[in-house]
Structure formats: C-alpha cells, structure tokens
Amino acid sequence: MSDFDDAMANAGAVAPDVEVLLQRLVELIEAGRPMPMSATVRINRDEALELLDEAIARLPEQLKAARWLLREREEFLARVEREGDEILDAARARAERMVQRTEVVRSADARARQLIEEADAESRRLRHEAEDFCDQRLAQFEIVLDRTIKTVRAGRQRLTEAAPTGSTPNTVTDAGPLGDEGDVDSTEAEFFDQDDF
C-alpha cells in the first residue's frame, strides 16, 4: 500500500469523526425547545460547547492530513506526468526509428531492383556479344572448311587426271602427290588458319 493510499485511509478515518460531531450539534440545536413568542431555542450549553470543542480539536489534524494529501496528490500527478512524458518520448523515438528503418528498407529495395535490372541488361548484352562472336568464328570456320573442301576436291581431281591408265590412282610420283604440273596453287593447298580471318 502506497503513502498516498495510507493518507487517504487516515483522512477517511478522521473526517467522519468531525462530521459526526457537527451533525450531533445540529441535532442538538434542532431538538432545542423554543422560547414562547420567540424564534430562540433553548439548548444545553455545556453539551453544545463540548461538541464544538471536540470538533475544533480534531480539525487541525484533518486540515494537516488534507494538506499532506494535496501535496501527495501534486507529487503523484507530477510523477505520473513525468512518466507519461517519458513514455511519449520513447514512443516518438521508436516511431522515428521505425520510419527511418522503413525508409532504409524502401531505399534498399529500390537499389536492389536497380542492380537487378542493370545485371539483367548486362547479361543480355554479354549474351548477344557472345552469340555474335560465336557466329563470326563459325562463319570464318565455314569459309576455311569450304576452301579446304575445294582444295581437297581439286587435288583429287588432279590426281585422277594425272594417273596413267592401268596404274592405281594411289601411286605417288617422284614429283609429289600432285605432280609438277598438277600443283594446286600453294595458297589453296595449305590448310587455312581460322585466326587469319
């Protein structure tokens, strides 16, 4: 139980005593006998004074308790207000952190999307470049193969034409496989290096 609750309990115990005394005084006055032909009433003076003295004796304690209660109430309200301000400050700080975190996440998402788009564009560009490079190399290789096939065909044709009748076409003369006059142009007879193109 807090001091504030104790003070409230003490005040509740003191207040009824003074109130009871004053109520008894009121009842004493109301029960007084009226004087003939007058609004004045007769009451027991000693009993009324005794009630008043006792009420006066108890009033300082009640006033002191009331002042103490007021001071406790003001301190309690100030403490509650301070705690409320601290809670509000903490809530504001947390809200600001959440907003900043949200902004960071939003910025990070935008940056991630931008990086993904850039990576996709770079990947497409590299793929097109690789396809173009492969296509160029295959075209050059095709040209080399085509020339090689033509050279082989021409060589075989000359071998067939140069071979004497009755001999096997596989006979190689001293002049070489194609003969002196059957030499194919030296540039055509060589294998072509694809890197020359």
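No experiment lies behind these values; they were computed from the predicted model shown.

Enquirer: Go over the overall build of the protein chain, please, and point to the residues and values.
Expert: Of regular secondary structure, the protein chain possesses 3 helices and 2 strands. Taking the intrachain contacts of the protein chain between residues at least 6 apart in sequence as the baseline, contacts between residues at least 24 apart amount to 65%. When the accessible surface of the protein chain is totalled, it reaches about 16300 Å², and 55% of it is carbon and sulfur.

Enquirer: Help me get a handle on the nonpolar core, residues and values and all.
Expert: In terms of nonpolar packing, the biggest core is built from 6 residues, these being Leu21, Leu25, Leu28, Ala48, Leu51 and Ala55. Looking at this core, the elements that each hand over two or more residues are helix H1 (3-30) and helix H2 (45-162). Excluding residues within four positions of it along the chain, Ala48 makes contact with Leu25, Leu28 and Ile43.

Enquirer: Can you explain the environment of Gln23? Please cite residues and give values.
Expert: By the element assignment, Gln23 lies in helix H1. Gln23 gets classed as partly exposed once you look at its relative accessible area, which sits at 43%.

Enquirer: I'd like a rundown of the pattern of salt bridges, residues and numbers included.
Expert: Under the defined criterion, the tally for this structure stands at 5 salt bridges. Put simply, Arg92 and Asp89 hold a salt bridge, and the shortest N to O gap is 3.1 Å. Taken together, the residues span about one helical turn, with Arg92 and Asp89 both in helix H2 at a distance of 3 residues. We classify Arg92 as partly exposed; its relative accessible area is 49%. Classification of Asp89 as partly exposed rests on a relative accessible area of 46%. Of the charged contacts, one joins Glu129 and Arg125 as a salt bridge, the two residues approaching to 2.4 Å between their closest N and O atoms. In this pair, Glu129 and Arg125 both sit in helix H2, 4 residues apart, roughly one turn of the helix.

Enquirer: Could you give an account of the side chain of Gln140, with specific residues and numbers?
Expert: Mapped onto the elements of the fold, Gln140 is located in helix H2. Under the relative-accessibility criterion, Gln140 is labelled buried at 17%. A polar atom in the side chain of Gln140 sits 3.0 Å from the side chain of Arg137.

Enquirer: Account for a nonpolar patch on the surface, naming residues and giving values.
Expert: Side chains of Leu22, Leu49, Leu52 and Ile56 sit close together on the surface and give an oily, nonpolar patch of about 330 Å² of accessible area. Sort the elements by how many residues they give to the nonpolar patch and H2 lands first, with 3 residues. Within the secondary structure layout, Leu49 lies in helix H2.

Procedures and definitions
- Positions within a chain are numbered from 1, following the residues in the order the chain's sequence is written.
- The model is predicted, so local features are restricted to residues of pLDDT at least 70 and side-chain atom pairs to those at 80 or more, both for listing and for counting; the totals for chains, interfaces and linings are taken over all residues.
- Water and hydrogen atoms play no part in the side-chain values, which are based on all heavy atoms of the structure.
- Segments assigned H or I by DSSP are reported as helices when at least four residues long, segments assigned E as strands when at least two residues long, and all are numbered from the N terminus.
- Only heavy atoms enter the contact rule, under which two residues are in contact if any of them lie within 4.5 Å.
- What sets the accessible areas is the Shrake-Rupley method with a 1.4 Å probe; for residues, cover comes only from the shown protein chains.
- We define a nonpolar core as any set of buried Ala, Val, Leu, Ile, Met, Phe, Trp, Tyr and Cys residues linked to one another through side-chain atoms lying within 4.5 Å.
- The cut-offs for exposure are 20% and 50% of the maximum accessible area for each residue type, with area from a 1.4 Å probe on protein chains only; residues under the lower value are buried, those over the upper are exposed, and the others partly exposed.
- Salt bridges are counted wherever a side-chain nitrogen of Lys or Arg sits within 4 Å of a carboxyl oxygen of Asp or Glu.
- For the purposes of these results, a polar contact is taken to be a pair of N or O atoms within 3.5 Å, where, inside protein, one atom must be able to donate a hydrogen and its partner to accept one; residues adjacent in sequence count only when each atom of the pair is a side-chain atom.
- What makes a patch is a set of residues exposed beyond 30% relative accessible area and free of salt bridges, joined within 9 Å when like-charged and within 5 Å when nonpolar (Val, Leu, Ile, Met, Phe, Trp, Tyr).

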